[in-house]
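One-letter residues, chain by chain:
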Amino acid sequence: MTYEGQKNPVHRPRMSVDIAGIKLKNPVMAASGTFGYGEEFFPMVDLNHLGAIITKGISLKPMEGNPPPRIVETVSGMINSIGLQNVGVQAFIRDKVPFLSQFKTPVIANIFGETVRDYGELAKRLNDLPVIAGLEVNISCPNVASGGMLFGADPKMAHLVVRTVKRFAHRPVIVKLSPNVTDITLIAKAVEEAGANAISLINTLRAMAIDPQSRRPLLSSIFGGLSGPAIKPVALRLVWEAVNAVKIPVIGIGGIMNSDDALEFIIAGARAVQVGTANFVNPTACIEIIDGIEAYLRENGFQHINELVGSLRTP
Amino acid sequence: MTYEGQKNPVHRPRMSVDIAGIKLKNPVMAASGTFGYGEEFFPMVDLNHLGAIITKGISLKPMEGNPPPRIVETVSGMINSIGLQNVGVQAFIRDKVPFLSQFKTPVIANIFGETVRDYGELAKRLNDLPVIAGLEVNISCPNVASGGMLFGADPKMAHLVVRTVKRFAHRPVIVKLSPNVTDITLIAKAVEEAGANAISLINTLRAMAIDPQSRRPLLSSIFGGLSGPAIKPVALRLVWEAVNAVKIPVIGIGGIMNSDDALEFIIAGARAVQVGTANFVNPTACIEIIDGIEAYLRENGFQHINELVGSLRTP
Amino acid sequence: MSCSPSEGKERGGPYLVYGTLRKNSEVAPSYHKMRIRTPIPYGDIGPGQFLMVRISEEPFPLLRRPFSIHSLRNLRIKDGSDIEILYKVVGKGTNLMASWRRGKRINILGPLGNGFSLSIKMGTQFLIAGGIGVAGLFALSQVMKSQGHKCLVFIGGKTKEDILCVDEFQGAGAEVHVATEDGGMGFRGMITDMVESFLQNRPKPSGLFACGPVDMLKTIAEIAKSQSIPCQVSLESMMACGLGACLGCVIRTKAKLPLRSAKATSQGWGVSFNRVCKEGPIFDSEEVDWRGI
Amino acid sequence: MSCSPSEGKERGGPYLVYGTLRKNSEVAPSYHKMRIRTPIPYGDIGPGQFLMVRISEEPFPLLRRPFSIHSLRNLRIKDGSDIEILYKVVGKGTNLMASWRRGKRINILGPLGNGFSLSIKMGTQFLIAGGIGVAGLFALSQVMKSQGHKCLVFIGGKTKEDILCVDEFQGAGAEVHVATEDGGMGFRGMITDMVESFLQNRPKPSGLFACGPVDMLKTIAEIAKSQSIPCQVSLESMMACGLGACLGCVIRTKAKLPLRSAKATSQGWGVSFNRVCKEGPIFDSEEVDWRGI
Ligand SMILES: Cc1cc2nc3c(=O)[nH]c(=O)nc-3n(C[C@H](O)[C@H](O)[C@H](O)COP(=O)(O)OP(=O)(O)OC[C@H]3O[C@@H](n4cnc5c(N)ncnc54)[C@H](O)[C@@H]3O)c2cc1C
Ligand SMILES: Cc1cc2nc3c(=O)[nH]c(=O)nc-3n(C[C@H](O)[C@H](O)[C@H](O)COP(=O)(O)OP(=O)(O)OC[C@H]3O[C@@H](n4cnc5c(N)ncnc54)[C@H](O)[C@@H]3O)c2cc1C
Ligand SMILES: Cc1cc2nc3c(=O)[nH]c(=O)nc-3n(C[C@H](O)[C@H](O)[C@H](O)COP(=O)(O)O)c2cc1C
Ligand SMILES: Cc1cc2nc3c(=O)[nH]c(=O)nc-3n(C[C@H](O)[C@H](O)[C@H](O)COP(=O)(O)O)c2cc1C
Ligand code: FES
Ligand code: FES
């Protein structure tokens, strides 16, 4: 029972959205890397109530990740340098997919590779799993083959990765963009042109922290990615720029802690949102955000969430 | 009396730094746009105690700036879209310089133009003022002549602006970089090559905020610049990248609220720092930061601040 | 306009001080009054000036919050002064403030802003407050009393719970008139309607002084203009520094001089955008470009 | 390892609940003890498990903070349970916690982590605590008592002010030995030296159980290895989620299987990096790769 506790089903606003063919019962997804494979939050969180679950990033082979320390708290945010530790696609299919298959909620597999080939291969390997409703392609990682430059920092590379994934994937492809670029619209247009069915943004902002007492970096890898409420204003700006640059659906991510934050992104034009760091602070954040959005729609007389998408009143 | 209250002058660490020929009695400057023309904080703040005062950005002609609302508070930060309102170089020289000339503290004029010519012209106009110890060239503003693209987002444009300023300026030239770029090292190297004597960073992060109730942007100009403690981890990363890319001195800016924050930048390699938003929250922030850095040097047995610069212990 | 350091000091502030919270009580649902003892005589405060209160020593909530100095009494007590603030709980900052207990150290910056101009014609003055607007007008009524003006104070609010300070104003010798939108106290309707009817039926006052929501101020400004009565309004805007440095708090005023003329710029800061914290918060209602507000 | 929703539920938690602060008192300078009443029976807690406490409902300080569940008493009272936390005030979060007053609602997530393994040989057990490390060992001593083990508890600290819970451990039937670096209480020196001398002069214990600063744990691990005594240590690391989802809290362990083998990966998460919040916080001292810590 997803909607228990609602008195008047007649006036209940409709929350369902369609992101490039993936049907979500509401626009709130758990962001990659912040919700494990769902099981970590079960049974505390009713997984059937979520719009979608994005898995932790999956690579072809298992990855060790970076040595600790991997996280540091900053002012209203945190930096992580997990280094994309994951079990690899094979163990994912064997160990994680059965659990996820029990729920009605669409699962979107977040994938990344060290080479363009890796991306294509991953798409192929995930094609046959009914539970995987779509792919989210993380292009915010270094391209090992071309010297560590990020795939997501260069429109040409981004285009190539997406074209390759699209060639193999039987599922809708969401491309997740890095915010650490001069002009997000160039990347957004490049991946749209390459056939992306949707884009999601933002991934974390590159950041750093130092302990003045020990004069050491607070992360073993020196750099990491900043997430959490501190980055929301930057994320919202990038989402708005992307929304105005492409026609495919945009999914807003970055610092969303409550339904007001989520509404900012939706009003700016995001068709759906992802909740990341908030899951750590408040494991039931996604559920509260879903309920909060629904209450807002009801109080403001909206019949359907889509009426709100992109409804920003500019001067 | 600058150093009252210090018991043991013999063991007092030396705080003076030399930034491209500008001699500062300590490495803490008030950042542009956050300290007016000094007079706004006088006499609350002992202006003689500061490392330097950077003026509000100065353009050739007076500028109106953007309509209100111009500022919005965000989580541990604020967004501003002042729109570079200023009195123009003529009124600056006539009305602001006499007040500033009374103090021993170097004054650095922050300048910006709508065209490359503007920048050169401004450098010329400020050459004859003894109180102006240097120029800080703000390249984070739209280049009106070439369609609004930021000077600071393109290494070639940045190079051109700096070369032009250098041709006319008789004073050291600090170039202030925008953080909203894919690769700060390209810009940093370009301006170094063009003759910049130092670089300072970061200017604000492009950001946005929406009021979900009214569904309007919270700033009249939709976008603005994010500053304050929320952005410190991103600023520190950019400073560290810049430090490793150029040989000229780097001045660290972004979210510095206390001496620990300032020390992070210095340890990362900044020869000096600028304090911005903190001045609003705590008008005596600069003074407290100076005292805190000195206490740290003393407690940790440093004779001179320079020993600390770039002393990060990387793995 | 060069000014020497010693000249600057003579201006008397603003001061940045820690005070100690003496009292912080709810005077009506969601309205609180705070009394802060400061260790210094807190300068020559003019009615209409304000303070910036530091909400947190932590980075959240970041910015100071501006509040009118509510009263001029007890400003020159032995060893310092007692500052009063009357505030409405509306958001993060004021909610935090409402939780503060006696004895808490509070960092305040002030006095700030221009304050009401008292170069006014002797006679009857109308003070018009909407809701929490009373906070900024009580000090004015105190000064007016001491200068021998007769004050009529108009206080409007949604319900009778929003009507504050009636006794205080009466104590300062003012005649108080109340209007509530629901009719729960005094006249039923908008306070601006009440003022208009007074202007029709009584001798013209020498001046209008208004503090409250912007729609109320607009209407009062129109009334003042149509009746040719001098009118000062207290404006609000988002503030970061309160000191005139950030240029964040501006409102649009009617440029009396072409912006780029030498004379205009010699006035210093923007001519068509003026800082609420420095050139304001009190403006001549004729100066304000009400379209932009 | 597929598991059905109902199987999951049987695991008994973790639970996300609001409790009510019953008591929060300073037990020694900068050490506090907190008792929180929760509305539910707080699950089957094992000694060595922990909670994540939400420090603020505001975005700063952002992350929850982990604390050991100090005691197993009162976990099954009528209508719920009483949870005890013993904590040292070290930074932002713990300073805030120290200011909380009786009646405050507190959001807690737990029980988390594996807890100490109790599949151990019957006999005498050494429990070794450095400073606040006692927080995580007291519950263990309670269980050991009920299971009929004999406990020797070693508590070390800088000064006598850092020695906590002596009475509590004695109340749980343990024999307590104290060492302080300044000699202000008990043996003068490091607690690890004291343990070593006990190991030389007394019959070998069945197991060592240590909780405290990492240098102490390393030394204990070496001692355990050289004497071939099974040893469990309680490790700390920075945590974001506490649930095993973020992979932020890992430590390096000795990979027993080549990382990329099918068997290794079928264990689920990383083989050479293990999560302190999930595979830990209690580790076999032999498993830990101490160079990386
Ligand atoms: C000169 C001046 C005098 C004032 N005097 C009083 C007074 O005597 N009593 C009183 O109750 N209120 C007064 N106000 C309004 C008061 O400043 C706001 O109600 C208060 O800042 C709200 O803070 P908050 O954190 O509770 O609200 P928030 O949750 O931050 O925001 C609620 C609303 O408060 C306003 N606000 C927030 N921060 C600021 C800021 N830094 N500057 C200006 N407005 C802000 C905004 O309009 C915002 O939408 C005055 C404002 C000004 C500019
Ligand atoms: C499993 C576990 C059990 C613990 N049990 C206890 C206990 O029973 N009693 C006790 O006093 N302390 C315990 N700690 C340590 C306690 O979590 C930290 O002292 C506390 O988080 C400090 O918070 P702060 O905000 O006061 O310090 P901060 O100012 O944030 O930082 C001070 C130091 O505390 C540590 N710290 C901060 N946040 C975290 C976090 N999210 N996770 C881990 N470490 C952090 C860091 O090392 C940091 O350098 C335990 C830690 C872990 C991992
Ligand atoms: C600990 C952690 C791990 C993450 N791992 C991934 C990942 O594997 N793949 C990915 O695309 N994004 C990853 N992200 C980024 C988030 O999905 C999200 O884009 C980012 O955190 C911003 O959202 P937030 O501010 O709501 O957290 C990770 C973030 C965090 C904090
Ligand atoms: C209100 C405001 C006005 C600013 N005006 C200018 C300016 O005129 N020129 C400029 O180079 N930077 C300007 N800045 C940027 C600051 O100098 C500084 O680079 C930025 O705020 C980051 O530092 P902080 O986080 O310490 O504030 C302004 C910042 C603020 C908040
Ligand atoms: S608030 Fe900064 S100029 Fe007015
Ligand atoms: S704290 Fe998140 S995995 Fe351990």
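Owing to the predicted nature of the structure, the values given are computational and were not obtained by experimental measurement.

Things to note about the site of ligand 4
In the vicinity of ligand 4 lie 25 residues, with S32, K176, G228, G255 and T277 of chain B positioned nearest. Among the chains of the assembly, those with residues near ligand 4 are chains B and C. I202 of chain B has a polar backbone atom sitting 3.0 Å from an oxygen atom of ligand 4. When its residues are assigned to classes, the shell around ligand 4 shows eight nonpolar, 15 polar and two charged.

Looking at the sheet that holds strand β14 (residues 223–227) of chain B
Residues and elements named next belong to chain B. The strand order across the open sheet formed by four strands is β5-β6-β14-β11, and the pairing between neighbours is antiparallel. Single-partner strands in this sheet number two, and they are β5 (71–74) and β11 (205–208). For this sheet the average axis-to-axis angle between neighbouring strands, irrespective of direction, equals 40 degrees.

Some thoughts on the domain arrangement of chain C
All names here are of chain C. By domain assignment, chain C separates into domain 1 (15–112), domain 2 (124–233) and domain 3 (235–293). On the domain 3 side, the residues contacting the eight residues of domain 1 number eight residues. With both sides pooled, the region where domain 1 packs onto domain 3 buries about 640 Å², and carbon together with sulfur makes up 75% of that total. When the buried surface of domain 1 facing domain 3 is broken down by residue, F50, M52 and L63 rank first, second and third, together holding 50% of it. Put simply, domain 1 and domain 3 have zero salt bridges between them. Inspection of the region where domain 1 meets domain 3 yields zero residue pairs in polar contact (both at pLDDT 80 or more). Listing elements by their share of the side of domain 1 that touches domain 3, those giving two or more residues are β3 (50–53) and β6 (105–112). Among the residues making up the side of domain 1 that touches domain 3, the classes are represented as six nonpolar, one polar and one charged.

With respect to a negative patch on the surface
Side chains of E288 and D291 of chain B together with E57 and E58 of chain C sit close together on the surface and give a patch of like negative charge. Position of D291 of chain B relative to the elements: it lies in helix α8 (residues 285–299). D291 of chain B gets classed as partly exposed once you look at its relative accessible area, which sits at 37%.

Definitions and limits used
- Residues numbered from 1 in each chain as written.
- Chains lettered and ligands numbered in written order.
- Predicted model: local features only at pLDDT ≥ 70, side-chain atom pairs only at ≥ 80, totals over all residues.
- Heavy atoms only, no water.
- Near = heavy atom within 4 Å.
- Polar contact = N/O pair within 3.5 Å; in protein donor to acceptor, adjacent residues only side chain to side chain.
- Nonpolar A, V, L, I, M, F, W, Y, C, P; charged D, E, K, R; others polar.
- Pairing = 2+ DSSP bridges.
- Helix = DSSP H or I, 4+ residues; strand = E, 2+ residues; numbered from the N terminus.
- Axes fitted to C-alpha atoms, helices over the stretch in contact; angles between N-to-C directions.
- Domains from an automatic or database assignment.
- Contact = heavy atoms within 4.5 Å.
- Buried area = accessible area lost by both parts, 1.4 Å probe.
- Salt bridge = Lys/Arg side-chain N within 4 Å of Asp/Glu carboxyl O.
- Patch = residues over 30% accessible without salt bridge, like charges linked within 9 Å, V, L, I, M, F, W, Y side chains within 5 Å.
- Areas by Shrake-Rupley, 256 points an atom, 1.4 Å probe, with all protein chains shown as cover.
- Lys, Arg positive; Asp, Glu negative; His and termini not counted.
- Charge placed at Lys NZ, Arg CZ, Asp CG, Glu CD.
- Buried < 20%, exposed > 50% of the residue type's maximum accessible area, 1.4 Å probe, protein only.

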